[in-house]
Structure formats: C-alpha cells, structure tokens
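Architecture and fold: a report
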Amino acid sequence: MLKESFIAPTPNEAYKLAVRKYGSIDNFKVVKASQYKDKSGELISEITIEIEEEIFKKYAGVDEEEVLLEEINILKSKMDRMKEVLQPKSKENNLISEVKDLLIKKGLNKNWVDYMLDPFIGTQVSEDRELLLSFVLEEIEDALVVSKKALEARVNIFVGPTGVGKTTTIAKIAAWSLLKGVKQKSIAIINLDNFRVGAYEQLGFYAKGLGVDYYCASDADEFSKILKSLKNKDLIFVDSAGSSPYDIGKLLNTVEFYKSNTNLEDSNLHLVISSASKYVDLKDIYEHFSFLNIDKLIVTKVDETRNIGNLIAFLLETKLPVSFISMGQKVPDDLKVATKRVILEHFIGEVNAK
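How each quantity is defined
- Residues numbered from 1 in each chain as written.
- Predicted model: local features only at pLDDT ≥ 70, side-chain atom pairs only at ≥ 80, totals over all residues.
- Heavy atoms only, no water.
- Pairing = 2+ DSSP bridges.
- Helix = DSSP H or I, 4+ residues; strand = E, 2+ residues; numbered from the N terminus.
- Axes fitted to C-alpha atoms, helices over the stretch in contact; angles between N-to-C directions.
- Contact = heavy atoms within 4.5 Å.
- Salt bridge = Lys/Arg side-chain N within 4 Å of Asp/Glu carboxyl O.
- Buried < 20%, exposed > 50% of the residue type's maximum accessible area, 1.4 Å probe, protein only.
- Core = buried A, V, L, I, M, F, W, Y, C linked by side-chain atoms within 4.5 Å.
- Parallel < 35°, antiparallel > 145°, perpendicular 65-115°, else oblique.
- Left-handed = near helix turned anticlockwise from the far one by under 90°.
- Nonpolar A, V, L, I, M, F, W, Y, C, P; charged D, E, K, R; others polar.
- Phe/Tyr/Trp six-rings, centres within 6.5 Å; stacked < 30°, edge-to-face > 60°.

Details of the sheet that holds strand β11 (residues 335–337)
Strands sit in the order β6-β5-β7-β4-β8-β9-β10-β11 across an open sheet of eight strands; the sheet is mixed. Whereas interior strands pair on both sides, the edge strands pair on one side only; in this sheet they are β6 (213–216) and β11. Taking each pair of neighbouring strands and ignoring which way they run, the sheet shows an average axis angle of 20°. In the sheet, strand β9 (residues 296–300) pairs with strand β10 (residues 322–326) via three bridges, with the strands oriented parallel. The residue of β10 that forms the bridge with Leu297 is Val322. The strands touched by helix α12 (residues 309–318) within the sheet are β8 (267–274), β9 and β10, with β9 carrying the most contacts at an inclination of about 180°.

In structure tokens form, the structure reads like this:
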C-alpha cells in the first residue's frame, strides 16, 4: 500500500482533492486527518490516504476530461448513498452517534445535525471523527452571514432586551469609529432610554470621555427635532430603551420613536443580543423585535459563556447578518468586527474541549 497526503484550506477540500484524483472513495482509505496553522497563522488541513499501487498507477496523469467524468460518478455515488441512508436498514455507527450527541449537547439543532451527518452513514467518512466535525464546521461557515460593512448607515439605532450591554456596546462602537478616522465633531449619541435609572448618566459619561456630542430625547417629537439639528453629523448612535420581549409598553415606545420619524432615511436598526441567552430566548427576542425590520445583529458577552452553540443555531435559522462581537467591558478594546472566523473559533474551541 502507498500513502499520499493532500493539503487544502479545509479538510473537506483536501478530501475532495483525493476524490478528484482517484475517482471514488472506494479506491482509497483515509488514514489520517489533521489541522494546523502555518507560519503566517493560516489554518491548513491535511488528510493522508492509503492506496494500492495498481490504482495509484492507473490514475497517474489522468486528464481533465477523465477527472470531470469521475466527479460526475462521485456525485451519483453520493446520491445513491444518501438514498440508502433513508432506508430503515441503515444504522448509525457509534462514532456518528457520538459526534451527533456532542454537537447537539453544544446547542446545535438536532434536525440540522441529522441532516448534515446522515448522508455519511455507512461511508468511510463515518469512521473519522475529525473529518465528520470538519464537514459540519464547513457547512456552518458557509451558512453564517456577516455584514460586509459593519457600519453602513449614518443613523444607527440600537434595540434589545435589558441586561445585554447595549449602552456599553454603543460606546465601544463610537470609540471604534474614532479609531477608524471619524472626527469627534462628526459623531453624536442620542439617548432614548428614559425608563432606566442612571441610563442618562452612564451614556453621558461615555460620550464626554470620547469627546462627542450627547443628547437625550424624552419623546418622539424631541427625537425628531434633535435629528434635524444634526444633519452635519456623519455618524449618529441612538440608544433605545432596553426591554423584555414581553414588555409591550417599552416596545411600543421604541416603535413610536422609530416609525414616526421622517429623518431616518439613511438608518440601520441593530438588534443587540447576549450569546449567553438560551436558544428559545433568542428566538423570543427576535420575534418580538422583528417588526422593527432589523438590519443587523450585534452579539455581546461572548466571554461570559462556554457554549455558543445556541447562538450558532439561532444564526443558522434567522440568517441575520452579524456586524460586531463584544467580549468584555473595555472600551473599545473588547469589540471586534464580526467575521465567520471569529465566530467559529469560539465554537471550535468548545467542540475540541468536548
């Protein structure tokens, strides 16, 4: 038997290289799958296969047409295997059951996990834990949605439940904007939260420290007047009243501020949620705020939980674009522009920790 290694950005792509060269997974056996970082810090994936010498010689130097035909055969073979999976006679091996249990325990939706892994029942892939997890992680990466540009509008309104760190997040984003080159005189913060004791003082303290203009509106008319007076500002951040999804009074108050205003043509509405929230609570929050036409999602308190699988499941279902991720109290250090890699790094760490 001969051994050969294939290297690519992901295990799935490395695996596909082997299939492309040797035509079918029946022609070789995967004996090792690993991931590591190169000198530049990029993640590299490598799989090692065993193959008989006769098959190796047969496929040496195959032309592009042969490769294309083999890829078609591979797709047909995969479809046949998927059909077999649907038959009652198909049974999971212990490894697939173990991987499923792990992913579900980490918060992923059971139906989604079954849909991802059932096609591999009875194949060589089902015998390799790392390869199974790599396929799932790659599917998650493909499905996640992040904003191409974290801040796209001039007016940015932040809504969300109480206790998610919305006010601190606004301060972080304002500080981040200054670091990106926006002038202090070009930024303003407006506070609509006249419900919470101390909300005015807290946000005012942040605004003063950043050197940006700060305003407080007690009703929709005052909010409209303030906005009209700030036409020369490049960025305006609006802190709405934090509320429980079941606090209809505060929700309607936010709607009044938002819907009745004619000066919000160039605006985005950001829903701020905590990664420590349960999946069912995230769904409730989304459903109760969704009538405001949410543009982006900001995730906070990533540092306060060891399990973001519930968040991943929520993101996969809602397809909301994530703009920022907050993971601490420091302004603005504990704020990151959302990327798929940042989100996945936290989830991969949980999975590897079992």
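Looking at the pattern of salt bridges
Side-chain pairs of opposite charge can arise where the charged atoms are in close proximity. Applying the stated criterion to the full structure yields ten salt bridges. As a salt-bridge pair, Lys100 and Asp118 come within 2.5 Å of each other at their nearest N and O atoms. Here Lys100, found in helix α4 (residues 94–105), pairs with Asp118, found in the loop between α5 (110–117) and α6 (129–143); they are 18 residues apart in sequence, far enough to count as distant. Assessed through its relative accessible area of 5%, Lys100 is described here as buried. Owing to a relative accessible area of 22%, Asp118 belongs among the partly exposed residues under this scheme. One salt bridge in this structure joins Arg129 and Glu130, with 3.4 Å as the shortest N-O distance. Classification of Arg129 by relative accessible area gives buried; the value is 16%. When its relative accessible area of 36% is taken as the criterion, Glu130 is described as partly exposed.

Some words on the pairing of β9
Here β9 lies mainly inside the structure; five of its five residues are buried. Residue alternation in β9 divides its side chains into two sets, Lys296, Ile298 and Thr300 and Leu297 and Val299, and both sets are buried. With five bridges connecting them, β8 and β9 associate as parallel partners. When the bridges of β9 are listed, Ile273 appears paired with Val299.

Here's the deal with the nonpolar core
Within the largest apolar cluster, 77 residues are counted, with the highest numbers of intra-cluster contacts made by Tyr15, Phe28, Ile140 and Ile190. Here this core takes eight residues from α6, the largest share from any one element. Residues within four places of Tyr15 in sequence aside, it is in contact with Ile25, Phe28, Val30, Ile47, Val125, Leu131 and Phe135. In terms of nonpolar packing, the next biggest core, distinct from the first, is built from 22 residues, Phe158, Ala174, Trp176 and Ile187 among them.

A look at the packing of α4 against α6
Between α4 and α6, whose axes approach to 10 Å, the crossing angle comes to 45°. By the angle between their directions, the pair α4 and α6 is classed as oblique. Both α4 and α6 take part in a crossing whose hand is right-handed. Packed against α4, whose contacting residues are Leu95, Ile96, Glu98, Val99, Leu102 and Leu103, the element α6 presents Arg129, Leu132, Leu133 and Val136 at the interface. Here the contact of α4 with α6 is built from residues that sort into eight nonpolar, no polar and two charged.

Some remarks on the packing of aromatic side chains
Under the definition given, this model contains seven aromatic pairs. With 6.1 Å between their ring centres and 75° between their planes, Tyr286 and Phe314 make a pair best called edge-to-face. Residue Tyr286 is found in helix α11 (residues 279–289), and its partner Phe314 is found in helix α12; the two are separated by 28 residues along the sequence. By relative accessible area, Tyr286 is classed as partly exposed at 23%.

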